[in-house]
Amino acid sequence: MFEAQEINAEHKDLIHDVAYDYYGERMATCSSDQYVKVWDQNSEGKWILTSSWKAHSGSVWKVTWAHPEFGQVLATCSFDRTAAVWEELVGETPCPAERGNRHWVRRTNLVDSRTSVTDVKFGPKTQGLQLATCSADGVIRIYEAPDVMNLSQWTLQHEVQCKLSCSCLSWNPSLSKNHPLMLAVGSDDTNPANGGKVFIYEYSDNIRRWMKTETINSITDPVHDISFSPNLGRSFHLLAVATKDVRIISLTPIPDNASLQSGLSKLEIQTSAQFDDHGCTVWRVCWNITGTILASSGDDGCVRMFKMNYINSWKPVAVLKGDGSHISSETQRSSISSAAGLPTPPVSQTARYIKLGTIAQSREVPWH
Amino acid sequence: MTQNVHGTFISEKTNKIRWRPDPFGYSNSFITGSWDNDQNNIKLWNFEENEDDPDIYPFVIKNYPFEGDVTEAKFANPDYFVASSSLGSLYCLKVSSEITGETIITEERSWNKLHRSKNGDASSCTSFGMYESDIVTVGEDGNINLLTAQRKDIVRTIDEADSCSLNCVIFLKFNEILTGNLRGQMKIWDLRSNENKPTTTFMLSGDQIAATSLTFHPTQRHMIVAGDEEGSLTVWDLRQNIFPVNLLSAHSDSVSEIHFHPDHPDQLFSCSSSGELWHWITNRSGTLLNIENVETNPWFSTDSIKNKFEVFMLMPKLHKPINSLDLNRNRVLCSCDNEAIYLINNVNVYN
Amino acid sequence: MEPSLKTFTIPDELCRRAGIAATWLPINELGVFAYQHVKAHSPDQPSAYGPADASVFKVRQQVILFEPILRKLVNEANGTFLSVQELMSTNSPEFKTELLKLSRQYRSIIRACLENLQDEVMRERGERKEELQNYITIFYSVECVWHLCEILFVDNIPGNVVLPHLLEWVRFHFPKYERKAAKLLAGDLVGLESQPDYWETVIGLLMQGRIEVVRALLRLHSAADSKPFKLVDQTLKAMPIYSIYSGISATEFNLKWKHWLVDTQSKIDAKLFISERHLHLMMRLSVGEETAWNEVQNHCEAWYELLAAWLFYTEPTIKSFELGQYARRCISRMGIALHMRHLDQVLLAAMESDIIQVIKEIQHMSENGWFASHLTDLLYHSGRLDFLDTSEADDLVASRLRECFLLDYGTLLMGHNSLWQVGLSYLDHCPTDGINTIELLITRLPLGSEARAQKIIREAQKRDLPHIVQSICKILGMNSLKRGRIGNALTWALKSRDSGFASVLADKFLREYSTNGKLQCTDLLDNLGSSMLVSDRLVFLGKYFELHKVYQGKNYKEAANLIVSLLASKLTPKYFWSTLLSDALPLLECNELVMSSNDTFTLLHCLEEKCNLPEIQDKIELIRLAAARNLARALTHEAQLN
């Protein structure tokens, strides 16, 4: 029993990434057409395009929002070997080429990478405004804005060389005095002889450097996406990995003398769950807000959701798949005017939700 | 007489509930203004009182869709009411009957986005006060607007009247208003003055506690009672000075509304975010009843308050905030964030 | 064997061709879009699918509870739920009776809702009517199952003699015979049997154990004085009916009843009723004759109707835990074992005391967990889930099961822009993960107007989450700042005692002043009070404002004092020295002597400390000169005083 609202994203090609702001009221999309678009939900529930701009000179791979405590801030990374940080200016006079009076400016361009930047993520807000990027040549860079009120100043704080090409990274959102700042990085290197493809890095306050503390050797296939689960007060960390299947890895800090001295944790790594439901490569994994449901998408064209039940075992609970049937007349597509080179008229977006149909002969699995 | 409480669940949270005044004094109709809904509404209700059935069922006679949360609503007379919205607008609405007998609500006048921030975004119109046909509004943009129901244009805007969001406003006299802001700073404005500066400024308390509701005594408008966000009631006599005469630590959480009973000014009603609905009665003993005699007005007395008031809970404490209350004769209406409205009958207002 | 999952389709051609990916958004919604993975090393070119119109689909669970007509259930049930939790926290010895009352309260809420739905469905047409009828079906089943669960699991039936309650349950859900009887008795009483449904009603009532009404109807038969009728009346009058309060034990009752059975059977065998076939049937039914029951089972709409009826005449002292086997027999009797509706399965599971199965099944009732959460909670508190817990002390399976449902339901409600307060109250009662879930979710509530934000802040304060309060105040402050309302931003910083943010804002004030000489928000600065202590920079700002006021009030002596204390205080930001010194200059050159020699020394001392600051280079000479002159003046003056 799902329903959906369609928002015509007006990108002329496939979307590479969609990111929602902290409240789910704003949406940023990026695409091969090198544009980033920002959408706002109005009081009636319709999504209005409030900004659209050419962000890079190559395909934009990822877009991500900073925590609202820093204002309205986005970061993007691209095939053009740069990552950029954008801030929204709330001006009094609207820009003539844009709709509304919302205007995003580039605060900084991070040009240190020599290859395509594959992922960009903001760090946990308690550490100030930090940004991590990873590149196809295996370099992970950590940037920081020392003055959070002035986003044009960013310093490259750390550069870490990972021996394999990196495709994705994830910050561990849970922080406490008990465990240090942690990053997980995944590599899509195809050679199994090169060993484990997921690396855990931790920041040691003592030596003020990022150190690789673990390699997850059980995963030797290329990794395409990686995500730490939001922490529900657990004593261990959960990491979801998109590789040839969906993996959920648990990392439990083990107290030991060496780690107490260095300030880094020794982690016990276990595979909590492994799902081959997609039956083929899994491209993306994403946790919900409370870290209770994992959504994965794979080459089988499906999005699959997994949930933990009351006896602590993970079970698949629902599947989404595209099919060819169209929604009738409610949405309009502006293909004609775009071909003629005219500015496309604003596409009317409805706030209506339509019920999603199901594929026959399947029985619903209870959530618990 | 025992009070009876009738609750009705209405599937929306009501921010303001108001009796519709009746020319003969006894209303059986009221409006509710909702908040926090996908689509907010103002509903006009009637209720049937059955002699055999002690239960009273209110029912909706008209639903009026409203944009934004209803932040304040007041009746000017039995057929007109004014409502303000969290999207910054103010509306004058009229209740009338069609030839068919159907009741309708129509917009007589509206001021769109009366309160807005510098970038054009809507800013909530948090409250308004009325004096005859004059209306004064305040909002989160820190502006004060003076309007009159008879004209479409704004009579006057006091820009940047306050550097903080304004929460509440009342008319003290036809030319004087009192405003309260987010940090408990109260300002008195003389509307005849051309300057955009208040005549007097004072703080509600030392600790930046905001005033959440303001009311004045029905017969002595210089006597102001304010409820604050910690649940206390503060009383001033503005003729004397701007230091409070009394501070009553009352509710356990923010006071949502306070009303003096229009016909029995020795009685006060208050409701709070902690789900409490209270009835305050001054102890009667001879001359205390003589309100004209200021020295013996119990509200002004600096002596121990305990001997001066009795406080009654009109209904058991609810587990969600009570946002609004209104009085008519011996009945009290209140609305709660549990999406229910309550009518309390036979309240002991008569001696 | 794992059953296959339900697959939901996104109606989009591009999604079908390219595949899809999804991103979560608060609270539990997904943004789904057509996706084709591109590896880092692939060439940067338009995809094979372009140009195409890409859409994002915002997918969410369809929640029928949010419909206005069903929404009352949410709040009313919340009230009852909180009463249950309060009751259990008081450790009252009478909690079982109270729980039963609360269970009945839940059911009356559902019934009120059903009545509403019935009223509405009369008024509607078409698709809406279908929808409403669907809701009626759902909630009718919910109430039916709840009632049975209440009888079997919540109610403390003395001796476990469940039949009277079972009969009441059946009578409530199959009221047609009582209604017909009422109609018959209200109408023309002469020759009642000529009414078409007379015998159907009598037999139906007999099956519901309504002996008295049956007798009353039979007495109104025109042949009521004939022998068979009189005999039936006597027999029925003499029929023993078991009740725990009758004072006799089960064994005694059984003895009496067996006597009656034998007696009645002999009358049947003697063909005493044979002249009236209906009476004959009724008597055969009353002794539990199989063939008779086979004849009437089509009178029953449901197997549980049959069950209650049959048990009344064959196993009147039946205990609740014995129901299961008889239930199965009824089901197979009616031949529906292969055609069981969902409701049938749940009721069967309940009669077999398979609580886990009941809970599993009710999750399919498509009312989004309302039923499962409230019922599981009730069963948990009634002690009915204790069997789940193993002997290990910390393996609290029952508690986890209950919590799982409450977490889901609470989270679902948190996702509704109006019902979030209700959601919080459910999460409050999840002992393990509740507070953590609240922490993760409460920050995701969009803030809206300040009034709403304050309500959210209040909820965070109530639950002792100061870091969240501070975060929300910070965001509100940033929002105010972006809208050009710096005074309001400062207010939020002060409310949450956020010294970092307050300092940043104070800086903004000071920089603004040092650039264009305007002090903003004077009404705020005038009344900072003790709140300025939250940040050093703010203290400086407050004092500087005071200086300004005093200066404008021409109270130069006081101004001099203030300026010296400011200079000496080490609170002055570097960029402000120039301004402060510029302010000091006129005081030094004032006609009236306002700065004492001590003060001037202090000033000179500070000047020396800061003489390397680039910002003051242009003024430093001037100030030194003026200070020197003032020092001379002051010393002279003070010497004269001595």
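Scoring rules and cut-offs
- Residues numbered from 1 in each chain as written.
- Chains lettered and ligands numbered in written order.
- Predicted model: local features only at pLDDT ≥ 70, side-chain atom pairs only at ≥ 80, totals over all residues.
- Heavy atoms only, no water.
- Helix = DSSP H or I, 4+ residues; strand = E, 2+ residues; numbered from the N terminus.
- Buried < 20%, exposed > 50% of the residue type's maximum accessible area, 1.4 Å probe, protein only.
- Contact = heavy atoms within 4.5 Å.
- Areas by Shrake-Rupley, 256 points an atom, 1.4 Å probe, with all protein chains shown as cover.
- Rg over C-alpha atoms; globule rule 2.2 N^0.38 Å.
- Lys, Arg positive; Asp, Glu negative; His and termini not counted.
- Charge placed at Lys NZ, Arg CZ, Asp CG, Glu CD.
- Core = buried A, V, L, I, M, F, W, Y, C linked by side-chain atoms within 4.5 Å.
- UniProt positions renumbered as here; feature names shortened; annotations may be inferred.
- Pairing = 2+ DSSP bridges.
- Axes fitted to C-alpha atoms, helices over the stretch in contact; angles between N-to-C directions.
- Buried area = accessible area lost by both parts, 1.4 Å probe.
- Salt bridge = Lys/Arg side-chain N within 4 Å of Asp/Glu carboxyl O.
- Expected span 1.5 Å × (residues − 1).
- Phe/Tyr/Trp six-rings, centres within 6.5 Å; stacked < 30°, edge-to-face > 60°.
- Polar contact = N/O pair within 3.5 Å; in protein donor to acceptor, adjacent residues only side chain to side chain.
- Parallel < 35°, antiparallel > 145°, perpendicular 65-115°, else oblique.
- Nonpolar A, V, L, I, M, F, W, Y, C, P; charged D, E, K, R; others polar.

> With reference to specific residues and values, describe the overall build of chain A.
When you go through chain A residue by residue, the secondary structure sums to 2 helices and 26 strands. Buried positions account for 59% of the 368 residues belonging to chain A. Taking the contacts inside chain A whose residues are at least 6 apart along the sequence as the reference set, 47% of them involve residues at least 24 apart. If you sum the accessible surface of chain A, you get close to 14,400 Å²; carbon and sulfur atoms cover 50% of it.

> Kindly report on the overall build of chain B, identifying the contributing residues and their values.
Secondary structure assignment for chain B yields 0 helices and 28 strands. Over its C-alpha trace chain B gives a radius of gyration of 20 Å, about what one expects of a compact globule, namely 20 Å for 351 residues. If you line up chain B on its principal axes, its C-alpha atoms span 55 × 55 × 35 Å. Classification of the 351 residues of chain B by burial places 62% in the buried group. Here the analysis covers contacts within chain B between residues at least 6 apart in sequence; of these, 49% occur between residues at least 24 apart. Carbon and sulfur atoms form 47% of the exposed surface of chain B, whose accessible area is close to 14,000 Å². For chain B, the distance from the average position of its 29 positive side-chain charges to the average position of its 47 negative side-chain charges is 5 Å.

> Can you lay out the nonpolar core for me, pointing to particular residues and giving the numbers?
Among the nonpolar cores identified, the biggest contains 220 residues, and C:F139, C:W169, C:L218, C:W303, C:M351 and C:W370 are the most heavily contacted of them. A per-element tally of this core places helix α4 (residues 126-154) of chain C first, with 15 residues. Leaving out residues up to four positions away in the same chain, C:M351 has contacts with C:L148, C:L152, C:W169, C:W303, C:Y304, C:L307, C:S320, C:L323, C:G324 and C:A327. Core analysis: the next-biggest nonpolar cluster, separate from the first, contains 43 residues, A:F2, A:L49, C:V32 and C:V59 among them.

> Give a detailed account of the UniProt feature "repeat: WD" (unreviewed entry) in chain A, specifying residues and quantitative values.
The UniProt record marks residues 8-40 of chain A with the feature "repeat: WD" (unreviewed entry), using the residue numbering of this structure. The distance from the first to the last C-alpha atom of residues 8-40 of chain A is 13 Å, and the span holds 0% helix and 58% strand.

> I'd like to hear about the sheet that holds strand β25 (residues 309-313) of chain B, residue by residue, with values.
Residues and elements named next belong to chain B. Overall, antiparallel pairing links the 4 strands, which are arranged β22-β23-β24-β25 in an open sheet. Of all strands in the sheet, those with a lone pairing partner are β22 (255-260) and β25, marking the two edges. Recorded for the sheet is a direction-independent mean angle of 20° between the axes of neighbouring strands. The sheet contact formed by strand β24 (residues 277-282) and β25 spans 5 bridges and is antiparallel. Bridged to T282 within β25 is F309.

> Describe the interface of chain C and chain A, listing the residues and the values that go with them.
Between chain C and chain A, the contact holds 87 residues from the first and 103 residues from the second. For the chain C and chain A pair, buried surface summed over both sides reaches about 8,900 Å², with 61% attributable to carbon and sulfur atoms. For the pair chain C and chain A, the number of links is 4 salt bridges. The closest approach of N and O atoms between A:E3 and C:R60, which form a salt bridge, is 2.7 Å.

> Explain the pattern of salt bridges to me, using residue names and the numbers behind them.
Pairing is possible between side chains of opposite charge, provided their charged atoms come close. Within the structure shown, the criterion is met by 69 salt bridges over all chains. Of the charged contacts, one joins C:K482 and A:E87 as a salt bridge, the two residues approaching to 2.8 Å between their closest N and O atoms. One end of the pair, C:K482, is in helix α22 (residues 466-482); the other, A:E87, is in strand β8 (residues 83-90), on a second chain. By relative accessible area, A:E87 is classed as buried at 8%. In this structure, the salt-bridge partner of C:D377 is C:R402, at a minimum N-O distance of 2.7 Å. A residue pair is termed long-range when its members are at least 10 positions apart, and C:D377 in helix α17 (residues 370-381) and C:R402 in helix α18 (residues 397-414) qualify at 25 residues. When sorted by exposure, C:D377 lands in the same class as C:R402, which is buried. What you see here is one network of salt bridges that share partners, running through C:R104, C:R107, C:R111, C:E143 and C:E150.

> Could you give an account of helix α2 (residues 68-89) of chain C, naming the residues involved and the relevant values?
For α2(C), with 22 residues, the first-to-last C-alpha span of 32 Å sits near the 32 Å given by 1.5 Å per residue. Taken from the residues just after α2(C), C:N91 is the one with a positive phi, measuring 55°.

> So what's going on with the packing of aromatic side chains? Residues and values would help.
Using the criterion set out here, one finds 44 aromatic pairs over all chains in the structure. Note on B:F66 and B:Y91: the rings are 5.2 Å apart at their centroids and 65° apart in plane angle, and the pair reads as edge-to-face. Of this pair, B:F66 sits in strand β5 (residues 57-66) while B:Y91 sits in strand β8 (residues 90-97); the two residues are 25 residues apart in sequence, bridging distant segments of the chain. Taken individually, B:F66 and B:Y91 each receive the classification buried, so the pair is uniform in this respect. Residues C:F81 and C:Y426 carry aromatic rings whose centres are separated by 4.4 Å and whose planes lie at 40° to one another, so their mutual orientation is tilted.

> Which residues make up the sheet that holds strand β13 (residues 155-161) of chain A, and what values do they have?
Remark on secondary structure: sheet strands pair via backbone hydrogen bonds, oriented parallel or antiparallel. All names here are of chain A. Strand order in the open sheet formed by 4 strands is β10-β11-β12-β13, and the pairing between neighbours is antiparallel. The strands lining the two open edges of the sheet, one partner per strand, are β10 (117-122) and β13. Shown here is a sheet whose adjacent strand axes are inclined to one another by a mean of 20°, direction ignored. For β10 and strand β11 (residues 129-135), the ladder comprises 5 bridges, and the chain directions are antiparallel. Looking at β11, one finds that D119 is bridged to C134.

> Account for the side chain of B:R20, with residues named and values stated.
Residues and elements named next belong to chain B. Inspection of the secondary structure puts R20 in the loop between β2 (13-19) and β3 (29-35). Assessed through its relative accessible area of 18%, R20 is described here as buried. A polar contact is formed between the side chain of R20 and the backbone oxygen of P78, at a distance of 2.8 Å. Each residue touching R20, except ones within four places of it in the same chain, is listed here: S27, S29, F30, L44, F75, P78, D79 and V95.

> Describe in detail helix α19 (residues 420-427) of chain C, supporting the description with residues and values.
Burial analysis of α19(C) places 8 of its 8 residues in the buried class, which makes it a mostly covered element. Among all positions of α19(C), only C:W420, C:Q421, C:V422, C:G423, C:L424, C:S425, C:Y426 and C:L427 are buried. Each element contacted by the buried residues of α19(C) is listed here: β2 of chain B together with α2, α17, α18, α20 (434-442) and α21 (450-462) of chain C.

> Help me get a handle on the packing of α4(C) against helix α15 (residues 342-351) of chain C, residues and values and all.
Geometrically, a packed helix pair is captured by the angle between its two axes and the distance between the axes. Residues and elements named next belong to chain C. The interhelical angle for the contact between α4 and α15, taken along N-to-C directions, is 5°, at an axis separation of 10 Å. In terms of orientation, α4 and α15 fall into the roughly parallel class. Residue-level inspection shows S141, C144, V145, L148, L152 and F153 of α4 in contact with α15, the latter providing L343, V346, L347, A350 and M351. Its residues assigned to classes, the contact of α4 with α15 shows 10 nonpolar, 1 polar and no charged.

> Outline the pairing of strand β14 (residues 166-173) of chain B, supporting the account with residue identities and numerical values.
Residues and elements named next belong to chain B. Along β14, 7 of the 8 residues are buried, which leaves the element largely enclosed by surrounding structure. Here β14 pairs with strand β15 (residues 176-181) via 6 bridges, running antiparallel. When the bridges of β15 are listed, I170 appears paired with L178. As consecutive antiparallel partners, β14 and β15 are separated by 2 residues.

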